[in-house]
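Structure assessment
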Amino acid sequence: MSDRSRTQRTYRSELWRASSAGIIETAGSTFLLLVALRWFGAGSWSKAFVAAGGSVGLLLSPLVVALVTRSGMETSRAASRIVGFGAAMFLMAAALPSLPVYVICSAAAMASSAAIIPLLTQMYQENYPEEERGRLFSRTVMIRIATAALFSKCAGDALSGHLDRFRFLLGAFAAALGFASFCLSRCPTNPIAPDETIHPLRSLRFIQDDPIFRRTLICWMFMGFANLMMLPLRVEYLGNPKYQQHAAVATIALLTGVVPNLARLVMSPIWGYLFDHMNFFALRVTLNIGFAIGILTFFMTGTMTGMVCAAIVFGISNAGGDVAWSLWVTKFAPPERVADYMSIHTCFTGIRGVLAPLIGFYLVTRLSMTTLAGISAALIGIATLLLVPEIKLAGRGKLKPALLEEVSD
């Protein structure tokens, strides 16, 4: 199969899969936590575990990459089987609607959808030309965003006053992962190149070997922790009577799903173009500033107008974050080691994704939402200041090997 044929076949399959990815995105951002809060009356630890489900999958991604590499299986086929397991978990949660089953199965399902991300990045490295990678990826993201916005609106309306219908919602999530499994099975990929080291955490050595990669991971940890700590607290802030917002389910879905996703939809192709042509570190600094503004505005204004504006700013920043987060390692890693580099990135995302909701739900019982928002903005500010010196090190495309050697020295 020619390179162009591989690109076209992968792109078509990804266009179809994007719709299911949009539906699953609403599960992690809004509905799973909302059902835990409003239907099951879940406590802080249960809510935090539900919110951290996807992060657990990211945390396990180095192990997933190691096992797939050892098996010699094509990356797309392995990803297909993993998300098929996630579909089965959602079906179990719908069939046995008790709090323990709901928490465990929904977290496991979201973990399966997140654990495959390094495998997908390796697929993009293989099948998307470097000069088009951001553009092609952003087009599929547009479909994902549009689906997420539409599904958030429809599901929010359907559940308003009828939260007992959540089992049908879980069935929809199961169908989405099942369809994603089918789409991934249609993508042409190769097995990951075998490595001389068989240890499941072998990828961590690249942190020591690549200084730019290491420093970027540190900056991403500050920014990502702040953002992930506040993300589930949006639902808590709107849905918990303690904060006196008295938001209906449809309003919560509007502010956490519909409005941000509409902003993402408009901005996604622009960020895809900028990723292909702009200095990566300058791009990351710009996104950090947007996330900080969105967090401060959402939690400090206390008005519907302010929260709508914050949701728009968050959506604009998140559109760029989609592309940057998913593809940035392709600018750093050797082509055959993209999955390994990405698994490190996703693993650290998983660490902060597990800890951030737990710490966020713990701190919110002791600090005000506005104080937490200020702390998060400060962490993003630190990440931004640490990234500024790196801007001069990278041009528009890949970092040059000579530059990497110079920085290593």
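Residues numbered from 1 in each chain as written. Predicted model: local features only at pLDDT ≥ 70, side-chain atom pairs only at ≥ 80, totals over all residues. Heavy atoms only, no water.

**A word on the overall build of the chain**
What counts, and what does not: Strands are runs of DSSP state E lasting at least two residues, helices are runs of H or I lasting at least four, and both sets are numbered from the N terminus onward. Only C-alpha atoms enter the radius of gyration; for comparison, a globular chain is expected to reach 2.2 Å times N to the power 0.38, where N is the number of residues. Classification of residues uses two cut-offs on accessible area relative to the type maximum, computed with a 1.4 Å probe and protein chains only: under 20% is buried, over 50% is exposed, and between them is partly exposed.
Looking only at helices and strands, one finds 17 helices and zero strands in the chain. Computed over the C-alpha atoms, the radius of gyration of the chain is 20 Å, within 12% of the 22 Å expected from 2.2 N^0.38 for a compact globule of 409 residues. Dimensions of the chain along its principal axes, counting C-alpha atoms only, are 60 × 45 × 35 Å. Taking all 409 residues of the chain together, the buried fraction comes to 57%.

**A word on the nonpolar core**
Keep this limit in mind: Think of a nonpolar core as a cluster: buried Ala, Val, Leu, Ile, Met, Phe, Trp, Tyr and Cys residues, connected wherever their side-chain atoms sit within 4.5 Å. By definition, residues are in contact when any of their heavy atoms lie within 4.5 Å.
One finds Phe31, Leu32, Phe90, Tyr102, Leu170, Phe173 and Phe299 to be the most contacted residues of the largest nonpolar core, which totals 122 residues. It is helix H11 (residues 211-239) that contributes the most residues to this core, 14 residues altogether. Leaving out residues up to four positions away in the same chain, Tyr102 has contacts with Phe31, Leu32, Val35, Ala36, Phe40, Val50, Ala93, Ala107 and Leu170.

**Overview of the packing of helix H5 (residues 75-95) against helix H7 (residues 117-127)**
Helix-helix packing is described using two parameters, namely the angle between the two axes and the distance between the axes. Under the convention used in this document: Between N-to-C directions, angles span 0 to 180 degrees; the directions come from axes that are lines fitted to C-alpha atoms, helices contributing only their stretch in contact. Reported orientations rely on four angle classes, namely roughly parallel under 35 degrees, roughly antiparallel over 145, roughly perpendicular from 65 to 115, and oblique for the rest. By convention, the crossing between two helices is left-handed when the near helix turns anticlockwise from the far helix through less than a right angle, and right-handed when the turn is clockwise.
It is the contact of H5 with H7, at a shortest axis distance of 9 Å, that shows an interaxial angle of 150 degrees. Considered as vectors, H5 and H7 are oriented roughly antiparallel to each other. Remark: the crossing between H5 and H7 carries left-handed chirality. Facing Thr75, Ser76, Ala78, Ala79 and Ile82 of H5, the residues of H7 in contact are Leu119, Gln122 and Met123.

**Describing the packing of helix H1 (residues 3-38) against helix H6 (residues 99-115)**
It is at 11 Å that the axes of H1 and H6 come closest, and there the two elements cross at 170 degrees. Judged by the inter-axis angle, H1 sits roughly antiparallel to H6. Relative to H6, H1 is oriented so that their crossing is left-handed. Each of Ile24, Ala27, Gly28, Phe31, Leu32, Val35 and Ala36 in H1 lies in contact with H6, whose residues at this interface are Tyr102, Ser106, Met110 and Ser113.

**What about the side chain of Asn127?**
Stated precisely, the cut-off is as follows: Whenever two N or O atoms come within 3.5 Å, that pair is a polar contact, provided that in protein one can donate a hydrogen and the other can accept it, and provided that, for residues adjacent in sequence, both atoms are side-chain atoms.
Checked against the element boundaries, Asn127 lands in helix H7. With a relative accessible area of 1%, Asn127 lands in the buried category. Here the side chain of Asn127 touches Thr10 through a polar contact of 2.8 Å, side chain to side chain.

**Thoughts on the state of the cysteines**
Where we set the bar: Two cysteine sulfurs form a disulfide in these notes if their separation is within 2.5 Å.
Applying the stated rule across the entire model yields zero disulfides. Cys187 takes part in no disulfide bond, and the closest cysteine sulfur to it belongs to Cys183, at a distance of 7.6 Å. Of all cysteine sulfurs, the one in Cys347 lies closest to Cys219, which takes part in no disulfide; the gap is 18 Å. We classify Cys219 as buried; its relative accessible area is 5%.

In short, geometric facts, not functional conclusions.
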